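Structural features, examined
Single-letter residue listing:
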Amino acid sequence: MNKNQLETLQELAHIGLWEFDLTTKTLSWSSEIYNIFEMDKNSFIPTYENFFNKIHTDDREKVNEAYFNSIKEQKDYSIIHRLQMLDGRIKWVKEACSTLFDESGNPLISRGTVQDITELSLAKIEAQNEHNKLKAILENIPDLLWIKDVNGVYISCNKRFEDFFGAKEKDIINKTDYDFVDKKLADFFKEHDIEAMNSKKPLSNFEEIPFANDGHKEYLQTIKSKVIDSNGNIIGVLGIGRDLTELRDKEIQLIEQQEELQSIYNTTKDGLAIVDMETNFVKVNKAYCEITGLSEEELLKTSCLALSDPQDRERVSAIMNEFMQKGVIDNFEKVCIIKNKRINVTLSASLMPDKKHILLSMKDITKNKLFEEQSKLAAMGEMIGNIAHQWRQPL
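Since the model is a prediction, treat every value here as computed from it, not as a measurement. (Residues numbered from 1 in each chain as written. Predicted model: local features only at pLDDT ≥ 70, side-chain atom pairs only at ≥ 80, totals over all residues. Heavy atoms only, no water.)

1. Looking at the pairing of strand E7 (residues 154-157)
Short version of the rule: The criterion for strand pairing is that DSSP finds at least two bridges linking the strands in question. In DSSP terms, a helix is any run of H or I states spanning at least four residues, a strand is any run of E spanning at least two, and both are numbered starting from the N terminus.
Taken together, the three bridges between strand E6 (residues 144-149) and E7 define a ladder with antiparallel strand orientation. Residue pairing for E7: Ile147 is matched across the bridge by Ser156. Joining the antiparallel neighbours E6 and E7 is a turn of four residues, in which Gly152 adopts a positive phi near 80 degrees.

Here you go:
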């Protein structure tokens with residue numbers, strides 16, 4: 001191979017050759033090293049000092065130590081460091097060196113290579129930065145996250161999952177669930193892992209699990225999905241656990257409140273009903289049926305307005321129009337005529353949150369009205385008696 005062919009190969013591989021004669025302190029470079037350092041071979045004199053000044057200031061000490069330690073220990077060395085270009089750009093190079101010694105161990109000549117690995121290094125830096133960003137996201141999300149291989153061996157996990165097992169990721173990787181939880185729970189995890197890897201879609205289940213770091217329990221929704229490589233082969237399972245404890249507790253609280261309200265709704269002596277905006281009955285309680293003497297089925301086929309005394313409907317309609325403007329009205333009296341039976345009631349109404357229905361509260365005041373009428377008649381009779389008595393008295 002002639003010199004031109006060698007230089008062509010060096011240029012294609014971005015590798016330059018150098019030789020440093022330690023007896024004469026002369027340094028020689030191949031053409032490709034000048035290209036890598038972006039220096040004019042006709043004006044730049046390659047000396048160790050000039051080479052050293054081209055190295056990034058933060059890397060100079062380690063490069064210097066690597067070279068002189070290799071001479072001291074009579075060993076080859078390889079190092080990656082940066083070059084500082086005149087325009088401020090940074091290049092990455094890989095340097096390797098071997099030194100020839102005489103019989104007395106004195107260094108004679110150092111020979112080495114310099115390879116431009118800037119593209120590869122920048123790609124690695126970018127990939128590492130992306131990895132760091134992803135890792136930071138995974139470490140800070142509130143969900144548990146983990147990956148296992150097809151045998152259930154952990155490959156990776158995040159900080160929240162570390163809390164679950166009470167161990168660091170480095171101590172979790174290459175282990176299985178059986179190393180951290182009891183057999184019953186580990187069997188449960190394994191069964192769902194297998195189901196997820198055999199499923200065409202992610203699978204979800206709910207479980208309450210204890211955390212080893214402090215003993216607290218969380219109600220989790222766990223979603224598992226198989227992990228497939230670029231060739232379509234199943235290589236493991238990805239798991240995500242979301243804490244639904246607070247949501248579950250609020251749901252339980254809401255159910256308890258609903259049961260409490262339903263109990264009140266069913267046992268109160270007041271008639272309660274939900275009607276639409278045309279006063280058609282949608283839902284009624286037992287007391288409403290007892291007051292009206294109609295069954296729930298019968299009430300759901302009619303309306304509150306239809307039960308009103310025909311002679312009283314105009315006044316009731318006016319009150320309902322007022323209600324539509326205010327959204328609430330309290331204790332207005334009306335008369336219902338049901339199966340030829342006259343019932344006096346008081347009604348309160350309030351618009352429900354959906355703005356499409358009205359809650360009615362009704363009290364039967366028929367007996368009160370009868371008592372009032374009887375009291376009026378008794379008072380009137382007493383008054384007439386007193387007048388008649390006075391007439392019979394002589395003047």
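2. Observations regarding the sheet that holds strand E4 (residues 90-101)
Rules: Structural elements are reduced to axes, namely lines fitted to C-alpha atoms, with helices fitted over the stretch in contact, and the angle between N-to-C directions of any two is expressed from 0 to 180 degrees. Every residue pair with non-hydrogen atoms within 4.5 Å of one another is taken to be in contact.
Taken in spatial order, the five strands of this open sheet run E2-E1-E5-E4-E3, and their pairing is antiparallel. Looking at which strands have only one partner, the edges of the open sheet turn out to be strand E2 (26-29) and strand E3 (77-84). On average, adjacent strands in this sheet sit at an angle of 25 degrees to one another, irrespective of strand direction. Two elements, strand E1 (residues 15-21) and strand E5 (residues 107-116), share seven bridges in a ladder whose sense is antiparallel. Residue pairing for E5: Glu19 is matched across the bridge by Arg111. Strands E1, E3, E4 and E5 of the sheet are contacted by helix H4 (residues 60-73), whose axis makes an angle of about 155 degrees with E3. Along the sheet face, helix H5 (residues 118-140) touches E4 and E5 and points at about 120 degrees away from the line of E4.

3. Notes on the pattern of salt bridges
Quick reminder of the rule: Each salt bridge in this description consists of a side-chain nitrogen of Lys or Arg and a carboxyl oxygen of Asp or Glu lying within 4 Å of one another. Each residue gets one of three labels from its accessible area relative to the maximum for its type: buried under 20%, exposed over 50%, partly exposed in between, using a 1.4 Å probe on protein chains only.
If you walk through the whole model with that rule in mind, you get 25 salt bridges. Between Lys250 and Glu246 there is a salt bridge whose closest N-O contact spans 3.3 Å. Note that Lys250 and Glu246 are positioned in helix H9 (residues 245-267) at a spacing of four residues, about one turn of the helix. Given a relative accessible area of 48%, Lys250 falls into the partly exposed group. Classification of Glu246 by relative accessible area gives exposed; the value is 56%. One salt bridge in this structure joins Asp249 and Arg248, with 3.0 Å as the shortest N-O distance. Taking relative accessible area as the criterion, Asp249 reaches 40% and is therefore assigned partly exposed. One continuous salt-bridge network, built from bridges that share partners, spans Glu38, Asp87, Arg89, Lys91 and Asp116.

4. Things to note about the sheet that holds strand E8 (residues 203-210)
Ordered in space as E7-E6-E10-E9-E8, the five strands form an open sheet in which the pairing is antiparallel. Strand pairing shows two members of the sheet lacking a second neighbour, E7 and E8, which therefore form its edges. Taking each pair of neighbouring strands and ignoring which way they run, the sheet shows an average axis angle of 25 degrees. Of the strands in this sheet, E8, strand E9 (217-228) and strand E10 (234-243) are in contact with H9, which crosses E9 at around 125 degrees.

5. Points about helix H8 (residues 183-197)
The condition that has to hold: Multiplying 1.5 Å by the residue count of a helix minus one yields the expected span of that helix. For this quantity, the arc is that covered by the directions from the helix axis to the C-beta atoms. Whenever a nitrogen or oxygen atom comes within 3.5 Å of another N or O atom, the pair is scored as a polar contact, on the condition that within protein one atom can donate a hydrogen and the other can accept it, and that pairs from neighbouring residues in sequence are kept only if both atoms are in side chains.
Taking 1.5 Å per residue as the helical rise, H8 with its 15 residues ought to reach 21 Å, and the 21 Å between its terminal C-alpha atoms agrees with that figure. Restricting attention to buried positions, one finds in H8 the residues Leu185, Ala186, Phe189, His192, Asp193, Ala196 and Met197. In an axial view of H8, the angular spread of the buried residues amounts to 135 degrees, which keeps them on one side of the axis. Of the residues in H8, the exposed ones pointing more than 90 degrees away from the buried face are Lys183 and Lys184. On its buried side, H8 packs onto E6, helix H6 (159-165), E8, E9 and E10. The N-capping residue of H8, defined by a side-chain oxygen 3.1 Å from the backbone nitrogen of Lys184, is Asp182.

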